[in-house]
Amino acid sequence: MNAAELIDRALDRLAQTEGYLERPAQRQLALWLSDMIDGGHTGAVEAPTGLGKSLAALIPALAHGLATQKRTVIATYTNVLAEQYWRKDLPFALSLFDDTESLRVEFLIGRQRYICREQVAQMMPEDLPRYPKSGCIGVESDFLRLTSLKARPARDMWPHVSVPPVCAARACDHYQDCYYYRARERAAEAHVVITNHSVVIQHAQMSEVGDGKGLLGKFDYLVLDEAHDFLAAAQSGFEFELSGRRLNVALGVAGRLEKELLSLAQRNAAEVLLVERFQEFRHQIETVKKSLMALRIEIPQAGILAVSPQEVSDHASLKPRKVTNGLGTAQDISDQAAAACESLTSDVVRWVGDWTGTTRAHQEALRNYSLFLTEFALNCRAVLEPTGVSVSFSAYGKQDAMLRLDTVGVDEPLRELVWNKVPATCLSATLAVDQSFEFFQKQVGFEAKFEEILPTPFDFAHSAALYIPPAGKIPDPTLSRQENNENLYFNSLATEISTII
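A brief look at the structure comes next. (Residues numbered from 1 in each chain as written. Predicted model: local features only at pLDDT ≥ 70, side-chain atom pairs only at ≥ 80, totals over all residues. Heavy atoms only, no water.)

Time to look at the nonpolar core. Y114, L222, L414 and W419 are the most contacted members of the largest nonpolar core, which totals 101 residues. Ranked by residues supplied to this core, first place goes to helix α3 (residues 53-67) with eight residues. Core analysis: the second largest hydrophobic core is formed by 47 residues, A265, V348, A365 and Y369 among them. (Core = buried A, V, L, I, M, F, W, Y, C linked by side-chain atoms within 4.5 Å. Buried < 20%, exposed > 50% of the residue type's maximum accessible area, 1.4 Å probe, protein only. Helix = DSSP H or I, 4+ residues; strand = E, 2+ residues; numbered from the N terminus.)

Let's shift gears to the pairing of strand β2 (residues 72-76). The buried fraction of β2 amounts to five of the five residues, a majority that puts the element mostly inside the structure. Of the two faces of β2, the one carrying T72, I74 and T76 and the one carrying V73 and A75 are both buried. Both β2 and strand β4 (residues 192-196) contribute to a ladder of five bridges, which runs parallel. Residue pairing in the sheet places A75 in a bridge with T195 of β4. Pairing of β2 with strand β5 (residues 221-224) involves four bridges; the strand directions are parallel. What sits directly across from V73, in β5, is L222. (Pairing = 2+ DSSP bridges.)

Let us look at helix α16 (residues 411-419). Because an α-helix packs 3.6 residues into every turn, residues spaced three or four apart end up facing the same way. Inspection of α16 places L414, L417, V418 and W419 among the buried residues, and these make up the whole buried set. Across the axial projection of α16, the buried residues extend over an arc of 145°, all falling on one side. Buried residues in α16 make contact with α9 (197-206), β5, α10 (230-238), β10 (424-428) and α17 (438-444). (Arc of directions from axis to C-beta. Contact = heavy atoms within 4.5 Å.)

On to the sheet that holds β10. With parallel pairing, seven strands are arranged side by side in an open sheet as β3-β4-β2-β5-β10-β1-β11. On the outer flanks of this sheet lie β3 (105-107) and β11 (450-453), each paired with one strand and no other. Averaged over all adjacent pairs, the angle separating strand axes in this sheet is 15°, with direction ignored. Of the strands in this sheet, β2, β4 and β5 are in contact with α9, which crosses β4 at around 105°. (Axes fitted to C-alpha atoms, helices over the stretch in contact; angles between N-to-C directions.)

Estimates place the volume of the second largest pocket at around 670 Å³. Lining the second largest pocket are 31 residues, with C116, E118, Q119, P164 and R256 sitting closest to its centre. Mapped onto the lining of the second largest pocket, the elements with two or more residues apiece are α5 (117-123), α7 (151-161) and α11 (244-267). For the lining of the second largest pocket, the residue count by class is 16 nonpolar, six polar and nine charged. (1 Å grid on protein atoms, 1.4 Å probe; cavity = no way out; pocket = protein on both sides within 12 Å on 5 of 7 lines; lining within 4 Å. Points joined across faces, edges and corners; volume = space filled by probe spheres on them. Nonpolar A, V, L, I, M, F, W, Y, C, P; charged D, E, K, R; others polar.)

Pasting the structure below:
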């Protein structure tokens, strides 16, 4: 049975499901996506809310996995939406097919959204048995559901038990049971991968180095759901800030590298050499942090340091915001941070190359940690050198100061990293402007060969009402969260909804 036949059968079964209202536009979208996947074409679709686009995306992806062995990545904007795909929509979509034993499906989001078994073993060992080694994807929602802690303490604990930005990988005692690395390994081979926009960006960036497989392996098609948010995800993925917070991350990575290499250094009578070198690095980074805070003296107000392209930099509206003093000091700070990371990495790589008894685990840990520090150094060098359409600026908080590079125009980077590498369909309930996809495509550099704007399944004029609560009935959710008074917000919301019902 070919993919189109599998899709027709699945949609027929869907139509017969109790409580389901058949929507012709959903069938149209599923068959349209199948044609895109089959032909490797690019497309843009506006599929209004309520049409059932999640199932319309999953069904052709699963059908092609079964019939053609093509690998499809379905990416949505947030972790919450990705989990909804995985936990709710995917099981239902799979139930519409007969034999799915040969079909491999996987879920993958950012590494810091996963439980780290090593961190749990250190921070709260009594909790470790609560997290099964199989049958659990091991993300933050699983931790909050399974932990012995109550809701608020659990949320406070989460940053301490999640996978760090860089880890020892194979050198870790829990590597074989690591939720994140198991998901990565399976995702590289799965027929269908459910993920989010940020992972697509990370995959594209990682594919430019090494074996080119990135996070997701080589796949045949990308379905980008909630595509109207992809611009924000791309801008976030291309940004970099040199701040006390980020420097602390670099210190943490260096500390874990020192810990991994300590026993090897001891066997080579080089413990003192290693420890003193990492102490020197910590001193250098602390000096950079102090210099960042002292930058307020030369640059008392946050402002723009550099802009690209030049015609934007010269625009009259930007001139009042540009900083003229302190640029040299800012460059010295970024250079010092880069030099500290580069010299530490160079020394450690050279020493490990000369030492005896180096294992594969040592080499992999060194590769992971040194790659992070090397990339950090490159970003520090570039933070004041905007390219394309981007801006470098200084900013200050109560406890921190930063030099930051934001990429404003992502069309060219996305063309190079994503669109030229794999065919894609961009899908959203709000993608067109005045019946045209031109604005979206110009923003992200995407070119759709085929376009479709599907009708809404709802008669909003006769089937919906807009209700605005009286002023003061519902507390501001942001303030409630900041004041640790979320229950007041939720209780007020529940009371108002109950009254309406």
